[in-house]
Amino acid sequence: MVIEAFGHFPDGTSSRVLAHLGQRVVRDDFNFFDYGPRKNMDLYRTSQAPAYNLSAITNRYMIFVSGQNDYLSDPADVDQLRSQLTGELNFPSKRERKT
């Protein structure tokens, strides 16, 4: 599975994006990039990277799709994001998802 995923990935991305993804996975949070306490203090005025304010996303319509074979955005991650957003969300139901 990992070999398949990385056969086409990280085409078109940077090492910082990959590091940020790794921080997300390890810490199970959705924060700004964590540079470490000293640089975080300079950038964010706090020693820890702050969480994204998802309530500030005010789009009226949002569509998110996650598939069972999506290695970067599994259904549990999408459900977690969905629970934190306040707009009118449109998600395909599990019955509509192709398996």
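Remember, it's a predicted structure, so these values are computed and weren't measured experimentally. (Residues numbered from 1 in each chain as written. Predicted model: local features only at pLDDT ≥ 70, side-chain atom pairs only at ≥ 80, totals over all residues. Heavy atoms only, no water.)

## What to know about the overall build of the protein
Which entries qualify depends on this criterion: Only runs of H or I of at least four residues qualify as helices and only runs of E of at least two qualify as strands under DSSP, and these elements are numbered from the N terminus. Between buried and exposed lies partly exposed: a residue is buried under 20% and exposed over 50% of the maximum accessible area for its type, with that area taken using a 1.4 Å probe on protein chains only. By definition in these notes, contact holds between two residues if any of their heavy atoms fall within 4.5 Å. Note on areas: these come from Shrake-Rupley sampling with a 1.4 Å probe, and a residue is covered only by the protein chains present in the view.
Secondary structure assignment for the protein yields four helices and two strands. Secondary structure elements in the protein, listed N-terminal to C-terminal, are α-α-α-β-α-β. Split into buried and exposed, the 99 residues of the protein put 14% on the buried side. Intrachain contacts of the protein at a sequence separation of at least 6 include 37% that bridge at least 24 residues. As presented, the protein carries roughly 7,900 Å² of accessible surface, and 53% of it is formed by carbon and sulfur atoms.

## Observations concerning the side chain of Asn40
Within the secondary structure, Asn40 is located in helix α3 (residues 37-44). Judged by relative accessible area, which is 0%, Asn40 ranks as buried. Those residues in contact with Asn40, other than ones at most four positions away along the chain, are Phe33, Asp34, Tyr35, Arg45, Thr46, Ser47, Gln48 and Ala49.

## Focus on the confidence of the model for the protein
Predicted coordinates in areas of low pLDDT are best not read in detail. Our working rule: On a scale of 0 to 100, pLDDT captures the predictor's confidence in every residue.
Mean pLDDT over the protein: 76, with 68% of residues reaching 70 or higher. Predicted confidence in the protein is weakest over helix α1 (residues 2-6), with a mean pLDDT of 53, and strongest over α3, with 97.

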